[in-house]
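Letter by letter, the chains look like this.
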Amino acid sequence: MSLYRKYRPLTFAAIAGQGHIKRTLENEIIRDELAHAYIFSGPRAVGKTSTARVFARALNCSTRVAEQSEPCNSCDRCTAILQNRTLDIIEIDAASHTGVDNVRENIIAAARVAKTMLPYKVFIIDEVHMLSTSAFNALLKLLEEPPSSVIFILATTEIQKVPATIISRCQRFDFMRITPADMKARLMMIVKQEEKTLDESVYDDIIRLSDGCQRDAESLLGQILALHDTKIDAQLASLVLPHSNRQLIAKLLDAIAARKTDEAISLIDAMIADGVDIETVVNDTIEDLRSLLRIQSGAGDTVQEAKSVRESLEELSKKLSSLEVLMIADYFAQCLQDIRLFAHIQLPFEIAVVKSCLRAQ
Ligand SMILES: [Zn+2]
């Protein structure tokens, strides 16, 4: 079983981040002040579906007492939901149900059918923005006159594609990317449960690479933990982590700061010879430039980097003005776009590096 499935959060407390959303939902459960429809928007893999599932169980849990907002996950109802044995919790992936007929069959028909065993019938419609216009109209009719004890939870990564008429009938929650601190806390919990140890810098790498997506982080962690029975250091983890050499990037930025074009180009050649993934290098360089700007703006303590990386960035921040860092960041951002367009990815990378070396004062 994948790590992500094994550690799928079963309670609000176990869901990484999203503090304000969890608090509001838990309060609604405790006060019994539920909306008929909710819409969860936000990037992929940040806990929207997990939150919807915990919410659906908490509403229906038979042992939950007053002032309690978490599901017990062991009563007959919680177990039935966890084992997909109830017809009252209906999960629909709109990405594969775009026709109006499917919505009629799966949503309207099911919503009209009386609930079978649970107090609340809950529809969780994932990627709701994928519904067709006519499907949205059918859904809208339901939201306008919601059957009693039916709750809709709509989830989407593209809220701008959801009609305003639907959004206005839902209580809206905007999910955020998971912060490095929240992500690390959960990764550490999993590592501990698996009875393994992980180098500090490996956590940093996972967090940086997964860009606030908890599922991506846990999937990377799973691959890394599979490498060894007990202890995993940075070198071992590099077998799995996309290969990007932080030291080479530091040298590259040093050469750029000193305007040494020849040295910068031979560093590129060394990276290519090393089989480094260029897109990862470019992404990491942009990430370093972003950290540089933060350090130069006096917000250095918000930089989430390993100590050694941070020290070399602080050194570098003295050699470049903020204006120069912005210019270089622009060149690399352009490079990232070009890499995705061209088959020959070394060229845009070289152009960005040379432009950076030749930048205006
Ligand atoms: Zn329960």
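Below, the structure is looked at part by part.

Parameters and conventions
- Residues numbered from 1 in each chain as written.
- Predicted model: local features only at pLDDT ≥ 70, side-chain atom pairs only at ≥ 80, totals over all residues.
- Heavy atoms only, no water.
- Helix = DSSP H or I, 4+ residues; strand = E, 2+ residues; numbered from the N terminus.
- Buried < 20%, exposed > 50% of the residue type's maximum accessible area, 1.4 Å probe, protein only.
- Expected span 1.5 Å × (residues − 1).
- Donors = N, O, S within 2.8 Å, 3.2 Å for Na, K, Ca; no water.
- Tetrahedral: all angles 85-135°; square planar, octahedral: opposite > 155°, others 65-115°.
- Polar contact = N/O pair within 3.5 Å; in protein donor to acceptor, adjacent residues only side chain to side chain.
- Contact = heavy atoms within 4.5 Å.
- Phe/Tyr/Trp six-rings, centres within 6.5 Å; stacked < 30°, edge-to-face > 60°.

**Things to note about the environment of A164**
Here's step 1: By the element assignment, A164 lies in helix α7 (residues 164-167).
Here's step 2: Taking the relative accessible area as the measure of exposure, A164 reaches 57% and is therefore exposed.

**Focus: helix α12 (residues 246-257)**
Here's step 1: Taking 1.5 Å per residue as the helical rise, α12 with its twelve residues ought to reach 16 Å, and the 16 Å between its terminal C-alpha atoms agrees with that figure.
Here's step 2: Along α12, the residues that are buried comprise R246, L248, I249, L252, L253, A255, I256 and A257.
Here's step 3: Count one or two residues on from α12 and you reach R259, which has phi positive near 55°.

**Section: the coordination of the zinc ion**
Here's step 1: For the zinc ion, the full set of protein donor atoms is C61 (SG), C72 (SG), C75 (SG) and C78 (SG), at a range of 2.3 Å.
Here's step 2: Each of the four donor atoms bound to the zinc ion contributes to angles spanning 100 to 119°, and the resulting shape is tetrahedral.
Here's step 3: Read in sequence order, the donor residues for the zinc ion give the motif C-x10-C-x2-C-x2-C.

**As for the side chain of S50**
Here's step 1: Note that S50 resides in helix α3 (residues 48-60).
Here's step 2: A polar contact of 3.3 Å, which involves the side chain of S50, links it to the side chain of R8.
Here's step 3: With sequence-adjacent residues up to four places away left out, S50 is seen in contact with Y4, R8, P9 and I15.

**Here's the deal with the packing of aromatic side chains**
Here's step 1: Across all of its chains, the model carries six aromatic pairs by this definition.
Here's step 2: Centroid distance Y38 to F55: 5.1 Å. Interplanar angle 80°. Geometry classified as edge-to-face. With a gap of 17 residues between them, Y38 in strand β1 (residues 37-41) and F55 in helix α3 connect regions that are remote in the sequence. Note on accessibility: Y38 and F55 belong to one class, buried.
Here's step 3: Consider the rings of F40 and F173, whose centres lie 5.9 Å apart with planes at 75°: the pair is edge-to-face. Of the two residues, F40 is situated in strand β1 and F173 in strand β5 (residues 171-174); the sequence distance between them amounts to 133 residues. Across the pair, exposure class does not vary: F40 and F173 are buried alike.

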